[in-house]
Each structure stands twice: as structure tokens, then as C-alpha cells.
Amino acid sequence: MDLQNRENFLNKLAAKMGKARAIIPEPMDAPVNTYPTERLTHLSAVDLANEFINSAKTMMVDVNVCRESDAVQTLLALCEKYGGGDVVLNSDERLTALGIPAALEAKYTCHTWSPETAQDNISFSEKANLGVVYAEYGLAETGGIVLFSSADRGRSVSLLPEKSIVVVRKSQVLPRVAQVAKVLHDKAQQGERMPSCINIISGPSSTADIELIKVIGVHGPVAKIYLVIDDL
């Protein structure tokens, strides 16, 4: 349909409807509140972290708080609690800085996600009992965590294993998704490369499609465990 035919069609359609064509969009109504961008932003970092922990527990997340010096021992204890077995983890310098990969490799059969191992990454993740990832942010409003995917940080690590362990710092808790969007907007404005995928995960896999009965672990990890590092 060329431009003239399109205009004729739209004019005829408007006439049939008994109304003038709106060429210029009407301005949007003023928002009734500022909740989308400002809700929870008044909280201190400590209060945000507490809100995050409480929200996560509501979503059936096993939340474990420790100091950075205790992160490795806490993680090993969590692995034992949830059955040990095969462990897959992302190639993430933040996990390495905590000493987590070395500690896991000394005790379990581990696979570290790598762009060089291609299909082996997914195959191991499918069979692994535990997946260990490091979150970019926690969200106070929902108790969810934000994961950025890249060549070294596959999304399968947090989605395919039977249980998922997420390391997140209290200092990286944001009020809600609006603040994550602002972070990404600023990255784009500065010309930074965007993540290949952004996952926002709130609790273990669940559904209530059938008669509103909640069932856990239908299409993803049956357990979501947070290792929250108290760095405030």
C-alpha cells in the first residue's frame, strides 16, 4: 500500500467511525504518583537490604547472611545442605575474588562456564545439582535478583541446575526495577556494551495456573538460595 492509498484508507475509516483523524498524539495524562521511579528510594542502604531480605523470604528463598570473610565456609555449608553433587558456576572474577571456585573445585565435580566449551556448558548445567552465580543487583521491592549474561556468564547456570545459589552484596541492593533501567540507560549513553540477556529472578520456579494451587519447581530450580554478603 503506497502512501496515498494509505491516507485514503485511513480517511475513509475515520469518516465511517464518525470522528476526525488524530494526526498528533494527545499528551499523556500526568501520573497520579511517582511510585514507578521513587518508591522505596527514601530508604537507607541498610533498610533497603533488610527490605530485600524480607521480600525474598516471602518468595520462599533461603536467605543466608554472612560477612565476606565467611563467604566460602557459608557457601560450602549450603552446598552440603542441598545435596552437594555436581556444581556449575560462571567464570566471574567476583566469585574468584571471594575464593569460591577454588573451594568448590576442591570438594565437588565442577564445571566453569566458558565460551570455549560451547555445548558442554549446557549439558553440564542440565545435570548439575547446584548452580552458583553472582548477582549484579538485588531488588528490595520483590526480593528478586538481577543477572547480566555474557560470553563468560551463561544464563543456564541459574536456570537449569536443580538448585540455584546466588551471591549478592547488601551494597548492591536497589529499590526496584526502575533503578536497574536507569543503570542500563546510563551504560547505553556511555556507549558500553549491553548484556546479552538480563534475567530478573524472584524465588524458585513456581506456578499457580491450576486452581491457584502453587507448585514449586515446574520449569526451573526447585530451590533458590541467597548468600547475602553483609558489606555495609
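Refer to the structure above for everything that follows.
Residues numbered from 1 in each chain as written. Predicted model: local features only at pLDDT ≥ 70, side-chain atom pairs only at ≥ 80, totals over all residues. Heavy atoms only, no water.

> How should the overall build of the chain be read in this particular structure?
Per the secondary structure count, the chain includes nine helices and 12 strands. Over its C-alpha trace the chain gives a radius of gyration of 23 Å, far above what one expects of a compact globule, namely 17 Å for 232 residues. Counting only C-alpha atoms and orienting by the principal axes, one finds that the chain spans roughly 75 × 50 × 45 Å. Among the 232 residues that make up the chain, the fraction classed as buried is 42%. Partitioning the contacts of the chain with sequence separation of at least 6, the portion at a separation of at least 24 is 74%. (Helix = DSSP H or I, 4+ residues; strand = E, 2+ residues; numbered from the N terminus. Rg over C-alpha atoms; globule rule 2.2 N^0.38 Å. Buried < 20%, exposed > 50% of the residue type's maximum accessible area, 1.4 Å probe, protein only. Contact = heavy atoms within 4.5 Å.)

> How should I be thinking about the packing of aromatic side chains in this particular structure?
For any pair of aromatic rings, the description consists of the separation of the ring centres together with the inter-plane angle of the planes. With the rule as written, the count across this model stands at two aromatic pairs. Between Phe52 and Tyr226, the aromatic rings sit 5.5 Å apart at their centres with planes inclined by 5 degrees, giving stacked as the arrangement. Taken together, the residues span a long stretch of sequence, with Phe52 in helix H3 (residues 45–58) and Tyr226 in strand S12 (residues 223–229) at a distance of 174 residues. A centroid spacing of 6.3 Å and a plane angle of 70 degrees characterise the contact between Tyr137 and Phe148, whose relative ring orientation is edge-to-face. Placement of Tyr137 in strand S5 (residues 137–139) and of Phe148 in strand S6 (residues 145–149) is noted, with a sequence separation of 11 residues between them. (Phe/Tyr/Trp six-rings, centres within 6.5 Å; stacked < 30°, edge-to-face > 60°.)

> In this structure, what is going on with the nonpolar core? I would like to understand it.
It is characteristic of soluble globular proteins that their nonpolar side chains tend to be buried jointly. Among the nonpolar cores identified, the biggest contains 25 residues, and Ile100, Leu104, Ile165 and Val167 are the most heavily contacted of them. Listing elements by their share of this core, those giving two or more residues are helix H4 (71–81), strand S2 (87–89), helix H5 (93–98), helix H6 (100–105), strand S4 (130–134), strand S7 (163–169) and S12. When residues of this core are assigned to their parent elements, the largest contribution, six residues, is made by H4. With residues up to four places along the chain from it excluded, the contact list for Ile165 reads Leu75, Leu78, Cys79, Leu130, Gly131, Val132, Val133 and Ile225. One finds Leu40, Ile53, Ala56 and Ile145 within the second-largest nonpolar core, a separate group that totals 23 residues. (Core = buried A, V, L, I, M, F, W, Y, C linked by side-chain atoms within 4.5 Å.)

> Would you mind going over the sheet that holds S5 with me for this structure?
Strand pairs in the sheet, formed through backbone hydrogen bonds, run parallel or antiparallel to each other. Pairing within the open sheet is mixed, and its four strands lie in the order S8-S5-S6-S9. On the outer flanks of this sheet lie strand S8 (173–174) and strand S9 (197–201), each paired with one strand and no other. One ladder, built from two bridges, connects S5 with S8; its direction is parallel. Among the inter-strand pairings, Leu139 is bridged to a residue of S8, identified as Leu174. (Pairing = 2+ DSSP bridges.)

> Looking at this structure, I do not really get the pattern of salt bridges. What am I missing?
Side chains that differ in sign of charge can pair as their charged atoms come close. Counted under the stated rule, the structure contains 18 salt bridges. Close ionic contact of Asp62 with Lys81 constitutes a salt bridge, the shortest N to O distance being 2.8 Å. A residue pair is termed long-range when its members are at least 10 positions apart, and Asp62 in strand S1 (residues 62–66) and Lys81 in helix H4 qualify at 19 residues. For Asp62, a relative accessible area of 17% translates into the label buried. Residue Asp92 pairs with Arg153 through a salt bridge whose shortest N-O separation is 3.4 Å. Note that Asp92 is positioned in the loop between S2 and H5 and Arg153 in the loop between S6 and helix H8 (156–159), a separation of 61 residues in sequence. An identical accessibility class is assigned to Asp92 and Arg153; each is buried. One network of salt bridges, in which partners are shared, links Asp92, Glu93, Arg94, Glu136 and Arg153. (Salt bridge = Lys/Arg side-chain N within 4 Å of Asp/Glu carboxyl O.)

> What should I look at first to understand empty space enclosed by the protein in this one?
A probe matching the size of a water molecule, rolled over the atoms, marks out where space remains unfilled. Evaluation of the coordinates by the stated rule reveals one cavity of 30 Å³ or more. Of the voids in this model, the largest cavity is the one considered here, and its volume is about 80 Å³. Considering the residues around the largest cavity, the lining is formed by Asn90, Asp92, Val133, Tyr134, Leu147, Phe148, Ser149, Arg153, Gly154, Arg155, Ser158 and Asn199. Listing elements by their share of the lining of the largest cavity, those giving two or more residues are S4 and S6. Considering only residue class, the lining of the largest cavity consists of four nonpolar, five polar and three charged. (1 Å grid on protein atoms, 1.4 Å probe; cavity = no way out; pocket = protein on both sides within 12 Å on 5 of 7 lines; lining within 4 Å. Points joined across faces, edges and corners; volume = space filled by probe spheres on them. Nonpolar A, V, L, I, M, F, W, Y, C, P; charged D, E, K, R; others polar.)

> Could you clarify how one ought to interpret the side chain of Asn90 in this entry?
You can see Asn90 is positioned in the loop between S2 and H5. Side-chain polar atoms of Asn90 contact the backbone nitrogen of Gly154, separated by 3.0 Å. Ignoring sequence-local partners within four residues, the contact set of Asn90 consists of Leu95, Thr112, Trp113, Val132, Val133, Asp152, Arg153, Gly154 and Val157. (Polar contact = N/O pair within 3.5 Å; in protein donor to acceptor, adjacent residues only side chain to side chain.)

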